Amino acid sequence: MQPNTKALEYEDEIVWTEDIQRFDYVRQSLEPSVSTRRRPVAWRGAGRRVGYSVLRADAPSSDVPGRFVRRVFWIKEHDRSEQPNGTYKTTAPSEAVDPRTVAPRVWGELTERAWGAPLPGV
């Protein structure tokens with residue numbers, strides 16, 4: 001799923017809080033109401049946060065004043081990095097992207113590495 005590119009337009013950098021070399025994929029999602037442009041994004045979702053985007057100082061607020069849209073990268077306890085022979089041994093969740101394809105202003109991509117096998121329908 002590609003988001004509206006405006007959501008990524010003001011990204012300045014991606015901060016990884018764990019070594020991405022150990023992940024074939026990470027889950028990527030948008031947090032629509034973050035109260036800061038640059039500090040770590042609080043994560044209250046399932047699993048654990050392994051990275052987040054940082055916005056430029058001139059990034060405008062979202063629809064809510066003082067709130068910003070930022071990307072968060074995360075994994076769940078049953079993802080391949082945690083359970084190599086588990087549910088996602090040769091598949092990946094719908095929000096999965098190869099972290100090596102992630103960059104500021106670039107939505108990550110699902111690759112064969114992330115999928116764990118040749119991509120279906122390719």
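This section reports on the structure supplied with the text. Source: prediction; values computed, not measured.

**Considerations on the nonpolar core**
Working step 1: Judged by nonpolar contacts, Ile14, Phe23, Val26, Val50, Phe73, Ile75, Val97 and Val102 together constitute the single largest core of eight residues.
Working step 2: Residues contacting Val102, with those up to four places away along its chain left out, are Ile14, Trp16, Gln28, Arg71, Phe73, Val97 and Gly108.

**Quick notes on the pattern of salt bridges**
Working step 1: A full pass over the atoms with the stated rule returns 13 salt bridges.
Working step 2: The shortest N-O distance in the salt bridge between Glu82 and Arg22 comes to 3.0 Å. Taken together, the positions of Glu82 in the loop between β4 (68-75) and β5 (96-97) and Arg22 in the loop between β1 (11-16) and β2 (26-34) put the pair 60 residues apart, joining distant regions of the chain.
Working step 3: Notably, a salt bridge pairs Asp24 with Arg113, separated by 3.6 Å at the nearest N-O pair. Within this pair, whereas Asp24 is found in the loop between β1 and β2, its partner Arg113 is found in helix α1 (residues 112-115), the two being separated by 89 residues in sequence.
Working step 4: Via salt bridges that share partners, Glu18, Arg22, Arg48 and Glu82 belong to a single interconnected network.

Parameters and conventions
- Counting starts from 1 at the beginning of each chain's written sequence and moves along it residue by residue.
- Side-chain atom pairs in this predicted model are given and counted only at pLDDT of 80 or more, local residue features only at pLDDT of at least 70, and totals for whole chains, interfaces and linings cover all residues.
- The side-chain quantities take in all heavy atoms of the structure and omit both hydrogens and water.
- To define a nonpolar core, start from buried Ala, Val, Leu, Ile, Met, Phe, Trp, Tyr and Cys residues and group those joined through side-chain atoms within 4.5 Å.
- Residue burial is assigned from relative accessible area. The probe radius is 1.4 Å, only protein chains are included, and a residue is buried under 20% of its type maximum, exposed over 50%, and partly exposed in between.
- In what follows, residue pairs with any heavy atoms lying within 4.5 Å of each other are defined as contacts.
- We define a salt bridge as a side-chain nitrogen of Lys or Arg found within 4 Å of a carboxyl oxygen belonging to Asp or Glu.
- Here a strand is any run of E in DSSP of at least two residues, a helix any run of H or I of at least four, and the numbering for each starts at the N terminus.

Take it as geometry only, folks, not as evidence of what the structure does.
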